[in-house]
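# Geometric and topological summary
Here is how the chains run, residue by residue.
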Amino acid sequence: MSRPIRRLMLVSDGRSFGGAERYTLDMALAARRRGLEAHILWLPASGTARSVFECARQAGVAVTVNRGAVCWSGLVRGFRRSVARIRPDAVIINAAGRPRWWLTSWLAWGAGLPAAWVHHMVEQTDPRRLPPRRLGGRLEGPRWWRVPQALRHRLAAAAATAVVTSTDEDRDRVARWHSLNRSAICVIPPGVDCEKFRFDPAARTWVRKAWGISSGAAAPLVIGTAGRLVRGKGIEAIIEATARLRARGGAVLAVIAGDGPDKEAFVELARRRGVGDAVRFAGFVREMPAFHSALDVFALCSETESFGLALTEAMACERA
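Residues numbered from 1 in each chain as written. Predicted model: local features only at pLDDT ≥ 70, side-chain atom pairs only at ≥ 80, totals over all residues. Heavy atoms only, no water.

The subject of this paragraph is the packing of aromatic side chains. Under the defined criterion, the tally for this structure stands at 4 aromatic pairs. Ring centres of Trp72 and Trp102 lie 6.0 Å apart, and the angle between their planes is 70°; on these two criteria the pair is classed as edge-to-face. Of this pair, Trp72 sits in helix α3 (residues 72–86) while Trp102 sits in the loop between β4 (90–94) and α4 (103–110), and the two are 30 residues apart along the sequence. Relative to Trp109, the ring of Trp106 has its centre 5.5 Å away and its plane inclined at 70°; by these criteria the two rings are edge-to-face. With a gap of 3 residues between them, Trp106 and Trp109 both fall in helix α4, about one helical turn apart. A residue is classified by how much of its surface remains accessible, and Trp109, at 56% relative accessible area, is exposed. (Phe/Tyr/Trp six-rings, centres within 6.5 Å; stacked < 30°, edge-to-face > 60°. Helix = DSSP H or I, 4+ residues; strand = E, 2+ residues; numbered from the N terminus. Buried < 20%, exposed > 50% of the residue type's maximum accessible area, 1.4 Å probe, protein only.)

Attention now moves to helix α11 (residues 309–316). Within α11, the full set of buried residues consists of Leu309, Ala310, Glu313 and Ala314. What you see down the axis of α11 is that its buried residues fit within an arc of 140°, all on one side. Contacts from the buried residues of α11 go to α1 (19–33), β8 (221–226), α10 (288–294) and β11 (297–298). Positioned one or two residues after α11, Glu318 has a phi angle of 65°, which is positive. (Arc of directions from axis to C-beta. Contact = heavy atoms within 4.5 Å.)

What follows deals with the pairing of strand β1 (residues 7–12). Across the 6 residues of β1, 5 count as buried, placing the element largely inside the fold. Here β1 pairs with strand β2 (residues 37–42) via 6 bridges, running parallel. Among the inter-strand pairings, Ser12 is bridged to a residue of β2, identified as Trp42. For the crossover that starts at β1, traverses α1 and ends in the parallel β2, the hand is right-handed. (Pairing = 2+ DSSP bridges. Right-handed = clockwise from strand over helix to strand, strands pointing away.)

This is the structure:
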């Protein structure tokens, strides 16, 4: 890009505050540290909680919410109004699966703005949209849903200044599934602020005390994970592992950070497996370095992650 960038607009349609939304907020904070002005434009789907980017506001990042984007005309009007008000020099779009989301890069192009179309996750399979398994699980059936998905992503890429993935594997999948030119896709691995994410013994002490964990030999093995509480994130696996460890006589506590629409189902699963007292749902956690420091082991069991940012943050905090 030859034009100077002083003001960024980061566009998201996040339904809840997960890894992609953290990535968006981190980019906004990183831009601010570099003297740029960053503004998040949130175009939520219908029925989305109002608090998804509340932590961004608390961090001092400006957030514009346009709830009229659930239809084509609302998306167009809201995007154009935000561009006219924010007057960004460039746009970063958090790529998502909503049918009309590809239009955002064309709206940026129409406004004369360079736009990066960022793929935060490319799922190897999408369990929500695959047909039931057939022939004893040996055949999944045709994945016709990828045809319109590929068309939408090709349309988005055609108007974007750059297409970005976080891993080489994601670049290969985007190129193969969406028929994009592999050489035109940039790989920018996510980063972790190691000044912020590092082991904190003091935080470990007070967080474990808040969790009711006694010190010494009687303390349980504390296993933790973090993510949206939805199917495919591996929460069931954490609960099942806790139940099996308990059955072997192990003293174990699983702490799960995050929130989501399937929370009650996971709470019920823990109760049915007899480990309701050994699985703790911590809700949305603001101080993740303290959370990681309080764990003995971090577990990432997600079936859909292409790059688990929470795993990298736990490693930066010296967790197994």
